[in-house]
Amino acid sequence: SETMSFYYDFIKSFILVLILFLFVTVLINVDFIKHFIWKSSNFFEDWRITIDFLRCNSLGLNIYNNETNSCLDYKMSYGRILLLIPYNESLFKLYYIYTPYLLIFTSIFLMHKIILPQTIVEWLIFLLCIFNPSTLLLYERGNIDLLIFCLVITCIYNRYYLLNWFIYFFISFVKIYPSFIFVNFFMEDMNRSKKKMVIFALFLFFYL
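Residues numbered from 1 in each chain as written. Predicted model: local features only at pLDDT ≥ 70, side-chain atom pairs only at ≥ 80, totals over all residues. Heavy atoms only, no water.

**Q** Could you give an account of the packing of aromatic side chains, with specific residues and numbers?
**A** Per the stated rule, a full pass over the model turns up 15 aromatic pairs. Between the aromatic rings of Phe 23 and Phe 131, the centroid separation amounts to 5.5 Å while the plane-to-plane angle is 70°, which identifies the pairing as edge-to-face. Of this pair, Phe 23 sits in helix α1 (residues 2–29) while Phe 131 sits in the loop between α4 (120–130) and α5 (133–141), and the two are 108 residues apart along the sequence. In this structure Phe 131 comes out as partly exposed when scored by relative accessible area, which is 24%. Taken together, Phe 10, Phe 14, Phe 21, Phe 43, Phe 44, Tyr 101 and Phe 105 form an aromatic cluster joined through their ring pairs. We note Lys 113 situated over the ring of Tyr 157; from NZ or CZ to the ring centre the distance is 5.0 Å. When the ring centre of Trp 38 is taken as reference, the NZ or CZ atom of Arg 141 above it lies at 5.4 Å. (Phe/Tyr/Trp six-rings, centres within 6.5 Å; stacked < 30°, edge-to-face > 60°. Helix = DSSP H or I, 4+ residues; strand = E, 2+ residues; numbered from the N terminus. Buried < 20%, exposed > 50% of the residue type's maximum accessible area, 1.4 Å probe, protein only. Lys NZ or Arg CZ within 6 Å of the ring centre and 35° of its normal.)

**Q** Lay out the pattern of salt bridges in plain terms, naming residues and giving numbers.
**A** Across all of its chains, the model carries four salt bridges by this definition. Its salt-bridge partner being Lys 39, residue Glu 140 comes within 3.7 Å of it at the nearest N-O pair. A residue pair is termed long-range when its members are at least 10 positions apart, and Glu 140 in helix α5 and Lys 39 in the loop between α1 and α2 (45–58) qualify at 101 residues. A residue is classified by how much of its surface remains accessible, and Glu 140, at 0% relative accessible area, is buried. Between Arg 55 and Asp 52 there is a salt bridge, with the nearest N and O atoms lying 3.3 Å from each other. Remark: Asp 52 and Arg 55 occur in helix α2; sequence separation between them is three residues, near one turn of the helix. On the accessibility criterion, Asp 52 (12% relative accessible area) is buried. (Salt bridge = Lys/Arg side-chain N within 4 Å of Asp/Glu carboxyl O.)

**Q** With reference to specific residues and values, describe the confidence of the model for the protein chain.
**A** Overall, the prediction assigns the protein chain a mean pLDDT of 85, with 83% of residues at 70 or greater. Between the elements of the protein chain, mean pLDDT differs from a low of 63, seen in helix α8 (residues 194–207), to a high of 96, seen in α4. (pLDDT = per-residue confidence, 0-100.)

**Q** An account of the environment of Leu 59 is requested, with residue identities and associated values reported.
**A** Looking at the element boundaries, Leu 59 is found in the loop between α2 and α3 (92–115). Separated by 29 residues in sequence, Leu 59 and Asn 88 place their C-alpha atoms 9.4 Å apart.

**Q** I'd like a rundown of the packing of α3 against α4, residues and numbers included.
**A** Packing of α3 against α4 brings their axes to within 10 Å, and their N-to-C directions diverge by 155°. As the angle between them shows, α3 and α4 are arranged roughly antiparallel. Here the hand of the crossing between α3 and α4 comes out right-handed. Residues Ile 108, Met 111, His 112 and Ile 115 of α3 lie in contact with α4, whose contacting residues are Glu 122, Ile 125, Phe 126, Cys 129 and Ile 130. Partitioned by chemical class, the residues of the contact of α3 with α4 number seven nonpolar, one polar and one charged. (Axes fitted to C-alpha atoms, helices over the stretch in contact; angles between N-to-C directions. Parallel < 35°, antiparallel > 145°, perpendicular 65-115°, else oblique. Left-handed = near helix turned anticlockwise from the far one by under 90°. Contact = heavy atoms within 4.5 Å. Nonpolar A, V, L, I, M, F, W, Y, C, P; charged D, E, K, R; others polar.)

**Q** A description of the nonpolar core should follow, citing residues and the corresponding values.
**A** Membership of the largest hydrophobic core comes to 51 residues, with the highest contact counts inside it found for Ile 28, Leu 82, Ile 104, Ile 108, Ile 130, Tyr 139 and Ile 171. For this core, the secondary structure elements donating two or more residues are α1, α2, α3, α4, α5, α6 (144–157) and α7 (161–174). Of all the elements, α6 adds the most residues to this core, at nine residues. Setting aside residues no more than four positions away along its own chain, Ile 108 makes contact with Val 17, Leu 20, Phe 21, Val 24, Phe 126, Ile 130 and Tyr 139. (Core = buried A, V, L, I, M, F, W, Y, C linked by side-chain atoms within 4.5 Å.)

**Q** I'd like a rundown of unusual backbone geometry, residues and numbers included.
**A** The phi dihedral of Phe 44 is positive, around 55°, even though this residue is not glycine. In this fold, Phe 44 is placed in the loop between α1 and α2. Overall, Phe 44 belongs to the buried group, its relative accessible area being 2%. In this structure, Leu 116 takes a positive phi of about 45° despite not being glycine.

**Q** Run through a nonpolar patch on the surface, naming residues and quoting values.
**A** Taken together, the side chains of Phe 6, Tyr 7, Phe 10, Ile 11, Phe 14, Ile 15, Leu 18, Ile 19 and Leu 22 make up a nonpolar region of the molecular surface, amounting to roughly 880 Å² of accessible area. If you trace the backbone, Ile 11 turns up in helix α1. The class for Ile 11 is partly exposed, based on a relative accessible area of 49%. (Patch = residues over 30% accessible without salt bridge, like charges linked within 9 Å, V, L, I, M, F, W, Y side chains within 5 Å. Areas by Shrake-Rupley, 256 points an atom, 1.4 Å probe, with all protein chains shown as cover.)

Next comes the structure, spelled out in structure tokens:
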């Protein structure tokens, strides 16, 4: 039946993604990888810095001025909307350890969903998307762009438009370049009235 076929394909995809995720996890944790990427001294360094902003802000410190800040050696480099994410010490392991691995797994899953490799060329493209130096560096550093990538692709496939719009604004106020995703508003629902599209286009024009 179609239902059984769907679950069978999903399980196959999940197992494949899990195997690739485990392989990537081992790869970015070994010293050998430093011959191919600029490996940092601290694992998930970029991600740890991002969560440090949340942690230090929760202590009431000025994270935009490192001269008056005993918590950080660097200034906050993202939009203030990021600080809406709650932080307390009970979330330490979730934010610092588990979330980066979850983002890596999710990104591999989404790349597989986008490409759905069948031919040798498609498989080659899919594997190169994961095992190229730039992506491995992104994984090893846990850069916030990994989160943005996962959210952008989720918006493209998601049909809960209100959630999408919230994500559009969130990631655009965190870093300016993701604002391009607003273009998806004009394509996500082809039945949307032209009047609504014009109103949104004007709003977007004045926002940007």
